[in-house]
Amino acid sequence: MSEAINKIRVIPRLDVKGTNLVKGVHLEGLRVLGLPFEFAMLYYQGGADELLYMDTVASLFGRNNLHDIVKKTAANVYIPMTVGGGVRSVDDVRGLLNAGADKVAINTALFANPELVSRVADAFGTQCMVVSIEAVKVADGRYECLTDNGREKTGVDVFEWVDRVVGMGAGEILLTSVDREGTGHGYDMELVEAVARQAPIPVIASGGAGKRQHVVDVIKQAGADAVAVASILHYDLVGRVSHDESSGEGNLDFKKRTGGMQEQLRKRIEPTSVEELKAEMVRNNIDTRMGDGGPR
Amino acid sequence: MIVIVDFGLGNLFNVQRAIEHEGGEVLISNNSGAIRSAEKLVLPGVGNFRAGMTALQERGLVGCLIERAIDGIPLLGICLGMQLLMDESEENGHTRGLGLIPGKVSYIRNQRTFDQSCKVPNVGWRALFKNPGIDTWQGSLLEGFDEGADCYFVHSLCVKPDESGDELAYTRYGGLQYCAVTRRGNVTGCQFHPEKSGTAGLKIIHNFVHGDK
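Residues numbered from 1 in each chain as written. Chains lettered and ligands numbered in written order. Predicted model: local features only at pLDDT ≥ 70, side-chain atom pairs only at ≥ 80, totals over all residues. Heavy atoms only, no water.

Novice: Residue-level account of the sheet that holds strand S3 (residues 40–43) of chain B, with values.
Specialist: Taking strand neighbours across the sheet as the criterion, the eight strands line up as S2-S1-S3-S4-S14-S13-S12-S9 (chain B) in an open arrangement whose pairing is mixed. Each of the sheet's edge strands pairs with one partner strand only, and the pair in question is strand S2 (26–29) and strand S9 (129–130) of chain B. (Pairing = 2+ DSSP bridges. Helix = DSSP H or I, 4+ residues; strand = E, 2+ residues; numbered from the N terminus.)

Novice: Summarise the environment of B:Gly63; cite the residues concerned and give the values.
Specialist: Residues and elements named next belong to chain B. Mapped onto the elements, Gly63 comes out in helix H4 (residues 62–71). A residue is classified by how much of its surface remains accessible, and Gly63, at 40% relative accessible area, is partly exposed. Distance in space between the C-alpha atoms of Gly63 and His210 is 26 Å, their sequence separation being 147 residues. (Buried < 20%, exposed > 50% of the residue type's maximum accessible area, 1.4 Å probe, protein only.)

Novice: Please provide a residue-by-residue account of the packing of helix H7 (residues 158–168) of chain A against helix H8 (residues 189–198) of chain A, values included.
Specialist: Residue and element names in this part refer to chain A. Across the interface, H7 lies against H8 with an axial gap of 10 Å and an inter-helix angle of 30°. Relative to H8, the element H7 is oriented roughly parallel. Handedness of the H7/H8 crossing: right-handed. Facing H7, whose interface residues are Val158, Phe159, Val162 and Asp163, H8 presents Leu191, Ala194, Val195 and Gln198. (Axes fitted to C-alpha atoms, helices over the stretch in contact; angles between N-to-C directions. Parallel < 35°, antiparallel > 145°, perpendicular 65-115°, else oblique. Left-handed = near helix turned anticlockwise from the far one by under 90°. Contact = heavy atoms within 4.5 Å.)

Novice: How would you summarise the side chain of B:Thr95 if you had to cite specific residues and measurements?
Specialist: All names here are of chain B. By the element assignment, Thr95 lies in strand S6 (residues 95–96). For Thr95, the side chain forms a polar contact with the side chain of Arg50, separated by 3.3 Å. Excluding residues within four positions of it along the chain, Thr95 makes contact with Phe49, Arg50, Met53, Asp87, Glu88 and Ser89. (Polar contact = N/O pair within 3.5 Å; in protein donor to acceptor, adjacent residues only side chain to side chain.)

Without other data, these values stay purely geometric and don't point to any function.
Laid out in structure tokens, this is it:
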């Protein structure tokens, strides 16, 4: 299997609302954790392979609002950055790339406009075009795609959608299990394995990691080419960074609580640093880039 | 002045930032005059080979790039920019390149030893190793680079220089061993993105800014 020969990427996923880093469960119920840029710098210094920024309310406002955060990050962080949330057009993509993003993740806009995949791939290269899929398991056991940050149903089968976007020039798939996201119960192994097997392009597994072992499992057993991780990394850093008190967005009580973690999540989430996570991967014979974190 | 050639393909600002971070003075330009007076040149690029050559031709930049390479000006090609240095590529049918380094560009999936269960594009961090016959990276853009350190790759085609002397570093992916850095005199190509490869990549950018290659 590929993990024995190829290094697996660890990608911290930073969900942004306004000016704050937030974390939700099932992509909602957002809690403010701190300033995105500060978390990003710490992840870069800790040896993260890439960064992923998602604007969680962009489709509500009809645009992606992360340009300032992207610019500041690109000025200080020399690893690839993917940005998503509310990206609707080739012009939107150009704007984000000019701000410093290397890749864009698009979901919602593709359902009205599937040929956007080809247009972005033609204009900027396939490597730039990450198709984001938010998957939910439905009553008969099938998986369907959601849009609008997990808020809207499409009725579209995930596996049919994968074939379609691959055919149109997608470079990678960012696969999020909405059922697992934020719960700490682990990735949806069945979903990841099926998509990783089907797609000839890299699949980034996202949604559900609560322990380092979950990350090991989704790579070794489900064949993920890369992992996006949020809760276990953010909760490890949450005590250490400041946050923008002036912004009213998100639930501030979480940040102010000493220890900073709600009881029900405390047992399931094993806070971990990027270094610790990668060390665990290596102990399990998963090759990954070690050391060479950004300048401290 | 280091000039980054703007032929409409690629995120030039990231390359600019990395060069400035290492103390270089940078101009982004599609003007042949600026290219003719540059002390060093960077040819970046993402996208496809045919689009890249067409873009260079439409802007009248092919001639001056070749002239400057012959003049001995340090020229660094990154990713698609590296591929464009070669004689030709099989991407979207055969297209001729700048012909500055003898060799060809071909699809990863067409390589006999490639493990087809692996994904293309090849996206991620891969280690750089010295090619056999290369004793040292001293005097090249890889001077001081730790052998075995990783750089960030994202590509679907790979470069095969005709002459082994033009292969400075190789990498491995999916059972394939292929050229990561090609160098012929003052012309160097990196298949990976040094501007996106953390401190390892910044070392290479530093050498480009401050060295004579």
